[in-house]
Amino acid sequence: ALLSSPMGHVTPLLGGTLLIIAGAFQFSDLKQACLNKCRSPLSFLMTEWREGNGGALIMGLRHGVYCTGCCWALMLLMFVGGVMSLVWMAGLAVYFLAEKLLPQAERISRICGVLLAVAGIVILLSNKSFWCSPTLPCNSWVDYEVELQQAPRQNPSDVAISSINHFRLKST
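Note that the structure is predicted; figures quoted are calculated from it, not measured.

Student: Any chance you could explain helix 4 (residues 52-76) here in plain terms?
Tutor: For the α-helix, the turn length of 3.6 residues means that residues three or four positions removed from each other point alike. With 25 residues, helix 4 ought to run about 36 Å at 1.5 Å a step, and its terminal C-alpha atoms sit 34 Å apart, in line with that. Within helix 4, the full set of buried residues consists of Gly55, Met59, His63, Tyr66, Gly69, Cys70, Cys71, Ala73 and Leu74. At its buried positions, helix 4 is contacted by helix 1 (12-25), helix 2 (29-39), helix 3 (41-48), helix 5 (78-81), helix 6 (86-101) and helix 7 (105-126).

Here it is as structure tokens:
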């Protein structure tokens, strides 16, 4: 299961992957283009104005697409910290606000992208399930024991193996 609890935490493997995806997205041109539209709602209204209720709906949908376009990857991070975690939600909200309002938003995005990607890599590399599998358990020292039987040799310098009796993974 990808979700490890009813509170919405994801497994470390998925969490690390989501952090790397969100970090990489911070460097994309799509992120910056959408963020530029989302940062200035007044500019959006001035250039995209539509009359009437239908126009308002169209403008709202278009602006919503821009805002979702700049934040979708970060919204996935809600699953990393837990969808019911108020501290995690508050942290993301403060980041969204800083990214939208501070003058160095692109620089903030890139710094955050590096931090997110590094955190994702650290989580993946420190997670046992990333390195281990049922055939190579992490809690065992891999020791292959092979018992060989030699076939009768005509010449002492000849080497021949007739069978391998067993091959097992030994747990210590």
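After that view, the rundown keeps rolling.
Student: I would appreciate a short explanation of the environment of Ala22 in the present structure.
Tutor: By the secondary structure assignment, Ala22 is in helix 1. Taking the C-alpha atoms as reference points, Ala22 and Leu116, 94 residues apart in sequence, are found 6.9 Å from one another. Ignoring anything within four residues of it in the chain, the contact list for Ala22 reads Ala73, Leu74, Leu77 and Leu116.

Student: Honestly, the state of the cysteines in this entry has me stumped. Any pointers?
Tutor: Under the counting rule described, the total for this entry stands at one disulfide. Covalent S-S linkage joins Cys38 and Cys67, the inter-sulfur distance amounting to 2.4 Å. When the S-S torsion is 95°, as for the bridge of Cys38 with Cys67, the disulfide is right-handed. Of the two residues, Cys38 sits in helix 2 while Cys67 sits in helix 4, which places them 29 residues apart along the sequence. Classification of Cys38 as buried rests on a relative accessible area of 6%.

Student: Honestly, the pattern of salt bridges in this entry has me stumped. Any pointers?
Tutor: Where charged atoms from two side chains of opposite charge come close, those side chains can pair. On inspection of all chains with the given rule, the structure shows three salt bridges. Across the salt bridge formed by Glu99 and Lys31, the nearest N and O atoms sit 2.9 Å from each other. Highlighted residues: Glu99 in helix 6 and Lys31 in helix 2, separated in sequence by 68 residues. Using a relative accessible area of 1% as the deciding quantity, one classes Glu99 as buried. Lys31 gets classed as buried once you look at its relative accessible area, which sits at 0%. Taking the shortest distance from any N to any O, the salt bridge between Arg62 and Glu48 comes out at 2.6 Å.

What counts, and at which threshold
- Residues numbered from 1 in each chain as written.
- Predicted model: local features only at pLDDT ≥ 70, side-chain atom pairs only at ≥ 80, totals over all residues.
- Heavy atoms only, no water.
- Helix = DSSP H or I, 4+ residues; strand = E, 2+ residues; numbered from the N terminus.
- Expected span 1.5 Å × (residues − 1).
- Buried < 20%, exposed > 50% of the residue type's maximum accessible area, 1.4 Å probe, protein only.
- Contact = heavy atoms within 4.5 Å.
- Disulfide = S-S within 2.5 Å.
- Salt bridge = Lys/Arg side-chain N within 4 Å of Asp/Glu carboxyl O.

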